[in-house]
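Here is how the chains run, residue by residue.
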Amino acid sequence: MPRIEPLHPPYPAAVDQSLRRWMPPDVPHEPLTLFRVLHRNPELTSRMFALGSGLLGHGLLPAADREIVIARVTARAGCAYEWGVHAATLARQAGLTEDQLRATTETDPTAATSWLPRHAALLAAVDELHDTARLSQPAWDALRVHYEDDQLLEFLVLTGWYRTISHLANGLQLEEEAWGTPFPATPVSRPGD
């Protein structure tokens, strides 16, 4: 059970309308537990919506690149909840394979599967940001080969946003969505974690 009880239907009209905005059209699932918990604080929820929906629906990174970043950030944070939601939906829609998704949870994701050079650079940068909250010049240079300034800014915000979402889901002790992809049994760990 989450630390804060999610809202349950029937929802007040304003909450129902807001939850519909957060979910993709024609999704056969109830609104995510995370969204239903967030709606305990509607003002915070509305502020979060702008950034979250902007990154997912209007971002400059290719969808596959975005989902690789999200999968690695959430895996490194040990956030089974958010990793499983994206693995079951947006990552698959973006063309990530089961092997690629599983590799994002490995200690060395580049050893587990073959990645395009830009994807390997993203994975290395996510790991460095997770470990140090900084990005070295070599990691930055590896990204610069593939991305423009506006995309690099988006990458940095995306990693921070999904670290925040991971903190939220883990702090609330959200259980994985029943329809989500199960998080691999061995979570990512690296020296110093």
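Figured I'd write up the structure that's included with this text. Since this is a predicted model, take the numbers as computed values, not measurements. (Residues numbered from 1 in each chain as written. Predicted model: local features only at pLDDT ≥ 70, side-chain atom pairs only at ≥ 80, totals over all residues. Heavy atoms only, no water.)

1. Concerning the layout of surface pockets
Here comes step 1: Within this model, the largest pocket holds a volume of roughly 590 Å³.
Here comes step 2: Lining the largest pocket we find 27 residues, and of these Trp22, Pro24, Phe35, Leu56 and Leu90 sit closest to its centre.
Here comes step 3: Among the elements of the structure, α1 (13–22), α2 (33–38), α3 (42–57), α5 (80–88), α6 (90–93) and α11 (149–172) are those that each provide at least two residues to the lining of the largest pocket.
Here comes step 4: Here the residues of the lining of the largest pocket sort into 17 nonpolar, seven polar and three charged.
Here comes step 5: Each pocket or cavity is described by its volume, and for the second largest pocket that value is around 220 Å³.
Here comes step 6: What lines the second largest pocket is simply Tyr11, Asp16, Leu19, Arg20, Met23, Pro24, Pro25, Asp26, Val27, His29, Glu30 and Pro31.
Here comes step 7: Along the lines of polarity and charge, the residues of the lining of the second largest pocket split into seven nonpolar, one polar and four charged. (1 Å grid on protein atoms, 1.4 Å probe; cavity = no way out; pocket = protein on both sides within 12 Å on 5 of 7 lines; lining within 4 Å. Points joined across faces, edges and corners; volume = space filled by probe spheres on them. Helix = DSSP H or I, 4+ residues; strand = E, 2+ residues; numbered from the N terminus. Nonpolar A, V, L, I, M, F, W, Y, C, P; charged D, E, K, R; others polar.)

2. What to know about the packing of helix α4 (residues 63–76) against helix α9 (residues 117–132)
Here comes step 1: Remark: α4 packs on α9, axes separated minimally by 10 Å, with the N-to-C direction vectors making an angle of 30 degrees. Compared by their axis directions, α4 and α9 come out roughly parallel. The two elements α4 and α9 cross, and the hand of that crossing is right-handed. Across the interface between the two elements, Asp65, Ile68, Val69, Arg72, Val73 and Arg76 from α4 touch Arg118, His119, Leu122, Leu123, Val126, Asp127, His130 and Asp131 from α9.
Here comes step 2: Its residues assigned to classes, the contact of α4 with α9 comprises six nonpolar, two polar and six charged. (Axes fitted to C-alpha atoms, helices over the stretch in contact; angles between N-to-C directions. Parallel < 35°, antiparallel > 145°, perpendicular 65-115°, else oblique. Left-handed = near helix turned anticlockwise from the far one by under 90°. Contact = heavy atoms within 4.5 Å.)

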